[in-house]
Amino acid sequence: HFMTNATIEVLVDQISAAPREKVVRVSLAALRNLCQSDIASSTEGVAARMIKCGLPKTLRALRERPWTDPDVADDVEASTRS
């Protein structure tokens, strides 16, 4: 189960520590999918856990990072707006 296995925390850690763009992109996509799933409405929602893990701060830093793949920049922007 995603909520009991610290999946959200691991994905947020991957986003902030990953040197590869593909890891950032896949991790962001996974978090967005979790937000749209039934899990998001559980006791402590997915969005609340992302905030507790510091994802908003990480996204602000990622917005400033130069990306070679424009799709990653688009994913960061989309995640920031979500």
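Refer to the preceding data block for the structure.
On a predicted model such as this, the values are computed, not experimentally measured, just so you know.

Peer 1: I tried to follow helix α2 (residues 21-35) on my own but got confused; where do I start?
Peer 2: Residues that lie three or four places apart on an α-helix share one face, since the helix turns once every 3.6 residues. For α2, spanning 15 residues, the distance from its first C-alpha to its last is 21 Å, which sits close to the expected 21 Å at 1.5 Å a residue. Those residues of α2 not exposed but buried are E21, V24, S27, L28, L31 and L34. The buried residues of α2 occupy an angular sector of 155° when the element is viewed end-on, so they sit on one face. Set apart from the buried face of α2 by more than 90 degrees, the exposed residues are K22, V26 and N33. Along its buried surface, α2 packs onto α1 (7-17), α3 (46-52), α4 (55-64) and α5 (70-81).

Peer 1: It is not clear to me how α5 should be interpreted in this structure. Could you clarify?
Peer 2: Taking 1.5 Å of rise per residue, the twelve residues of α5 would be expected to cover 16 Å, and the 17 Å separating its terminal C-alpha atoms lies within 8% of that figure. Taken together, the buried positions of α5 are occupied by V72, D75, V76 and S79. Relative to the axis of α5, the buried residues are bounded by an arc of 100° and lie together on one face. The exposed set on the far side of α5, more than 90 degrees from its buried face, consists of P70 and R81. Considering only its buried residues, α5 is in contact with α2 and α4. Where α5 begins, the capping side chain belongs to D69, and its oxygen is found 2.9 Å from the backbone nitrogen of D71.

Peer 1: Looking at this structure, I do not really get the side chain of T58. What am I missing?
Peer 2: Here T58 lies in helix α4. The buried category is assigned to T58, whose relative accessible area is 14%. Beyond its immediate sequence surroundings of up to four residues, T58 is in contact with I15 and S16.

Peer 1: Where do I start with the side chain of S79 in this structure?
Peer 2: Its place among the elements puts S79 in helix α5. There is a polar contact of 3.2 Å between the side chain of S79 and the side chain of R32. Non-local contacts of S79, meaning those with residues more than four positions away in its chain, are made with L28, R32 and L59.

Peer 1: Is there a simple way to think about the nonpolar core in this case?
Peer 2: In summary, soluble globular proteins display a tendency toward joint burial of nonpolar side chains. Core analysis: the biggest nonpolar cluster contains 17 residues, and I8, I15, V24, L31, L55, L62 and V76 have the highest contact counts within it. Of all the elements in the fold, those that place two or more residues in this core are α1, α2, α3, α4 and α5. The residues contacting L31, other than those within four sequence positions of it, are I8, L11, V12, I15, M50 and L55.

Peer 1: How should I be thinking about the packing of α2 against α5 in this particular structure?
Peer 2: When two helices pack together, their arrangement is given by the angle between the helix axes and the distance between those axes. Remark: α2 packs on α5, axes separated minimally by 10 Å, with the N-to-C direction vectors making an angle of 30°. With respect to the hand of their crossing, α2 and α5 are arranged in left-handed fashion. Within the contact between the two elements, α2 uses E21, V24, R25, L28 and R32 and α5 uses D71, V72, D75, V76 and S79. When its residues are assigned to classes, the contact of α2 with α5 shows four nonpolar, one polar and five charged.

Parameters and conventions
- Residues numbered from 1 in each chain as written.
- Predicted model: local features only at pLDDT ≥ 70, side-chain atom pairs only at ≥ 80, totals over all residues.
- Heavy atoms only, no water.
- Helix = DSSP H or I, 4+ residues; strand = E, 2+ residues; numbered from the N terminus.
- Expected span 1.5 Å × (residues − 1).
- Buried < 20%, exposed > 50% of the residue type's maximum accessible area, 1.4 Å probe, protein only.
- Arc of directions from axis to C-beta.
- Contact = heavy atoms within 4.5 Å.
- Polar contact = N/O pair within 3.5 Å; in protein donor to acceptor, adjacent residues only side chain to side chain.
- Core = buried A, V, L, I, M, F, W, Y, C linked by side-chain atoms within 4.5 Å.
- Axes fitted to C-alpha atoms, helices over the stretch in contact; angles between N-to-C directions.
- Left-handed = near helix turned anticlockwise from the far one by under 90°.
- Nonpolar A, V, L, I, M, F, W, Y, C, P; charged D, E, K, R; others polar.

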